[in-house]
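So the chains spell out like this:
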Amino acid sequence: MPQTETWWKESVIYQIYPRSFNDSNDDGIGDVNGIREKLDYLKNLGVDVLWISPIYRSPNADNGYDISDYQAIMDEFGTMEDFDQLLEESHQKGIKIVMDLVVNHTSDEHRWFIESKKSKENPYHDYYIWKDGEKNQPPNNWGSAFSGSAWKYNEELGQWYLHLFAEKQPDLNWENEKVRQSVYDMMTWWFEKGIDGFRMDVISLISKDQDFKDGETFSGLYGNSMEFCCNGPRIHEFLKEMNDKVLSKYDVVTVGEAPGVTIEEAKKYTGKDENELNMVFQFEMMGIDHGKYGKWTPVPFRLKDMKANFEKWQKGLDGSGWNSLYWDNHDQPRIVSRWGNDTGQWREKSAKMLALCLHMHQGTPYIYQGEEIGMTNVRFASIDDYQDIEILNAYQELVKEKKVLTEEQFMEGVYKLSRDNARTPMQWSAEKNSGFSNGDPWLNVNPNYAEINVANQINDPDSVFSFYKQLIELRHHNKVMVYGNYEQYLKEDENVYVFTREYEEKKLLVLCNFSDRNQEIQLPSFLVEEEYTVLISNDNDTSKCLTENMVLLPYEGVAFIK
Ligand code: TEU
Ligand code: CA
């Protein structure tokens, strides 16, 4: 089935993590005016849409993913007037703004929760998920994503509340019609302001199986709640209702962050006639290098797993849904360190190859701040240098309390896969604190900023930045990059990824070498046609010819077009 053509499929989205993007008043924390200062930079890069991680009022237990007021801006980030300015200036430049919608949970400092815990009779009590019970006897064995039980006891009420994430992030009770209406009203308020869409945080978790049964215990600590919370019984009913009451009234883009989503489910979330969301962010691929204790026990990357996952999702949603394409975000380590090579001569080469690889797929590509200059993971000396609640809680539980990992083992996991890798301040220049702030940054800058920064790259045609710029430009002019259907070749090759895309007489052939050695490949003869020319390559070798026997240089990435 052919794809329907739409603006949000043809867009490239840039994710901003405001706390680490640009600090305009030197308090060490990025802010809304800091984003305004960089709009020309983003325009120059060529992105169409900005997704801004939460900027709402928040006590910051989870850096803004714990919201205490959905209709106010966090004090540290500025004011609503600053935001209005940002929106207006972005629109003047033709850039759209997507906000983060975090409605699986609120902060425990949200007015609703403060009311909710006052008494069982309080009109807001049922805004959250409370269960009667005895102290020391949580309602079931579910673990929180940030360590410990997913339940917290309230002495006065003699009840437990559910928090799939931190204690300070109580889950909203979507069974309650009033909760849903409150969320829809809030969303409408933002759309009336003129925002262009929402990225919906863990939206696949909002409908919980109401039996609250124990989950399977994988690592022997807590039970897994995901079986009962991911794509729960009423999820599609809720999203259809949200679409009917809010989304259908505006021409906006919606992205569902969807842990645990399957192909079948993704078709329901994003199918054109389902009237739910536009696209899903799925996590399957991001789990291929996780081990027994998840990201804290990394396992080696195997290219074949990545290739199989791409094929599954590219083919699975072709014509019947829509993919988000991403390597990095604020929850993932840096891709060049993860599946590329961040040492010496290979850093730029592999960063470009990875960029080329991702942007040649079907779906809407996301670029996370710093990815466009090849920012890398960081290795801080001590656990005390880290800020992320996920890291600190896991350290407490796995190293200090349960002693299932040694300090050294745990730090290896932190270095390879933890979230703070992506959260170090944006590297603008070789000046103090990478040009991010003149104050003390809330999280240390990566010491490699003197070498890796925007100022170094912006006017260099061979830089990673210029390569991303070129990829964005190509996508805007080649529909085959956006809509083409997908076929994979040499599936058994452990180092090289080969695929084609086809749309309306146009065809792309993409070759990527994921290793630091030359790779000789043998292409099927029917693939090799004379009309192919180089569309883009990370070697700047536009005269390269497509032949049956080819040698790909280390980390070479090239796309041919005919
Ligand atoms: O992340 C949701 C998610 O699925 C988690 O598994 C996430 O990968 C997290 O890093 C645990 O490893 C979203 C946000 O993107 C994340 O920043 C928030 O902490 C989380 O929801 C709670 O709002
Ligand atoms: Ca600031």
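Our subject is the structure that appears above.
Residues numbered from 1 in each chain as written. Chains lettered and ligands numbered in written order. Predicted model: local features only at pLDDT ≥ 70, side-chain atom pairs only at ≥ 80, totals over all residues. Heavy atoms only, no water.

> Quick question: what am I supposed to make of the coordination of the calcium ion (ligand 2) here?
Between any two of four tetrahedral donors, the ideal angle at the metal is 109.5 degrees; between two of six octahedral donors, it is 90 or 180 degrees. Every protein donor of the calcium ion (ligand 2) is accounted for by Asp-23 (OD), Asn-25 (OD1), Asp-27 (OD), Ile-29 (O) and Asp-31 (OD), and the metal-donor separations fall at 2.2 to 2.3 Å. On the primary sequence, the residues serving as donors to the calcium ion (ligand 2) are separated as D-x1-N-x1-D-x1-I-x1-D. Residue Asp-27 is classed as partly exposed on the basis of its relative accessible area of 35%. (Donors = N, O, S within 2.8 Å, 3.2 Å for Na, K, Ca; no water. Buried < 20%, exposed > 50% of the residue type's maximum accessible area, 1.4 Å probe, protein only.)

> Would you take a moment to explain the sheet that holds strand β6 (residues 130–132) for this structure?
Note: strands within a sheet are paired through backbone hydrogen bonds, in either parallel or antiparallel orientation. With antiparallel pairing, the three strands of this open sheet are ordered in space as β6-β8-β7. Whereas interior strands pair on both sides, the edge strands pair on one side only; in this sheet they are β6 and β7 (151–154). When strand polarity is set aside, the average angle formed by the axes of neighbouring strands in this sheet is 30°. (Pairing = 2+ DSSP bridges. Helix = DSSP H or I, 4+ residues; strand = E, 2+ residues; numbered from the N terminus. Axes fitted to C-alpha atoms, helices over the stretch in contact; angles between N-to-C directions.)

> Got a minute to help me understand helix α13 (residues 407–417) in this structure?
Among all positions in α13, only Phe-410, Met-411, Gly-413, Val-414, Tyr-415 and Leu-417 are buried. The inward-facing, buried residues of α13 abut α10 (335–338), α12 (389–401) and α14 (420–423). (Contact = heavy atoms within 4.5 Å.)

> Teacher, can you tell me more about the packing of α12 against α13 here?
Between two packed helices, the angle of one axis relative to the other and the distance separating the axes together describe the packing. Their axes nearest at 10 Å, the elements α12 and α13 cross at an angle of 155°. Between α12 and α13, the angle falls in the class roughly antiparallel. The way α12 lies across α13 gives a crossing that is right-handed. Residues Ile-391, Ala-394, Tyr-395, Leu-398, Val-399 and Lys-400 of α12 touch α13, and the partners they reach there are Glu-407, Phe-410 and Val-414. Residues of the contact of α12 with α13, tallied by class, amount to seven nonpolar, no polar and two charged. (Parallel < 35°, antiparallel > 145°, perpendicular 65-115°, else oblique. Left-handed = near helix turned anticlockwise from the far one by under 90°. Nonpolar A, V, L, I, M, F, W, Y, C, P; charged D, E, K, R; others polar.)

> Sorry, what's going on with the packing of aromatic side chains here?
Think of a pair of aromatic rings as described by two things: how far the centres are apart, and how the planes are tilted against each other in angle. Summed over all chains, the structure comprises 44 aromatic pairs. A ring pair is formed by Tyr-489 and Phe-526, whose centres lie 6.0 Å apart and whose planes are at 65°; its orientation type is edge-to-face. Note that Tyr-489 is positioned in strand β14 (residues 485–489) and Phe-526 in the loop between β17 (519–522) and β18 (533–537), a separation of 37 residues in sequence. Judged by its relative accessible area of 54%, Phe-526 is exposed. Arranged with centres 4.7 Å apart and planes meeting at 40°, the rings of Tyr-497 and Phe-499 form a pair that is tilted. (Phe/Tyr/Trp six-rings, centres within 6.5 Å; stacked < 30°, edge-to-face > 60°.)

> Quick question: what am I supposed to make of the nonpolar core here?
Residues Tyr-14, Met-360 and Phe-410 are the most contacted members of the largest nonpolar core, which totals 153 residues. No other element matches helix α11 (residues 346–359), which puts eight residues into this core. Counting 17 residues, the second-largest nonpolar core is a separate cluster that includes Ile-129, Trp-142, Ala-150 and Phe-228. (Core = buried A, V, L, I, M, F, W, Y, C linked by side-chain atoms within 4.5 Å.)

> Just to check I follow, could you spell out the pairing of strand β13 (residues 364–368) for this structure?
In summary, the side chains of a regular strand alternate between the two faces of the sheet. Within β13, five of the five residues are buried, which leaves it mostly tucked inside the rest of the structure. In the sheet, strand β1 (residues 13–16) pairs with β13 via three bridges, with the strands oriented parallel. Across the sheet, the residue bridging to Ile-13 is Tyr-366, located in β13. Looking at chain direction, strand β12 (residues 324–325) and β13 are connected through two bridges and run parallel. Within the sheet, the bridge partner assigned to Leu-325 lies in β13 and is Pro-365.

> How should the site of ligand 1 be read in this particular structure?
If you check the shell around ligand 1, you find 18 residues, and the closest are Asp-62, Asp-201, Asp-331, Glu-390 and Arg-419. Side-chain polar atom of Asp-62 to an oxygen atom of ligand 1: 2.5 Å apart, as the coordinates give it. One of the side-chain nitrogen or oxygen atoms of His-105 is found 2.9 Å away from an oxygen atom of ligand 1. Protein contact buries 90% of the 480 Å² of open area that ligand 1 shows by itself. In terms of residue class, the shell around ligand 1 is built from six nonpolar, three polar and nine charged. (Near = heavy atom within 4 Å. Polar contact = N/O pair within 3.5 Å; in protein donor to acceptor, adjacent residues only side chain to side chain. Areas by Shrake-Rupley, 256 points an atom, 1.4 Å probe, with all protein chains shown as cover.)

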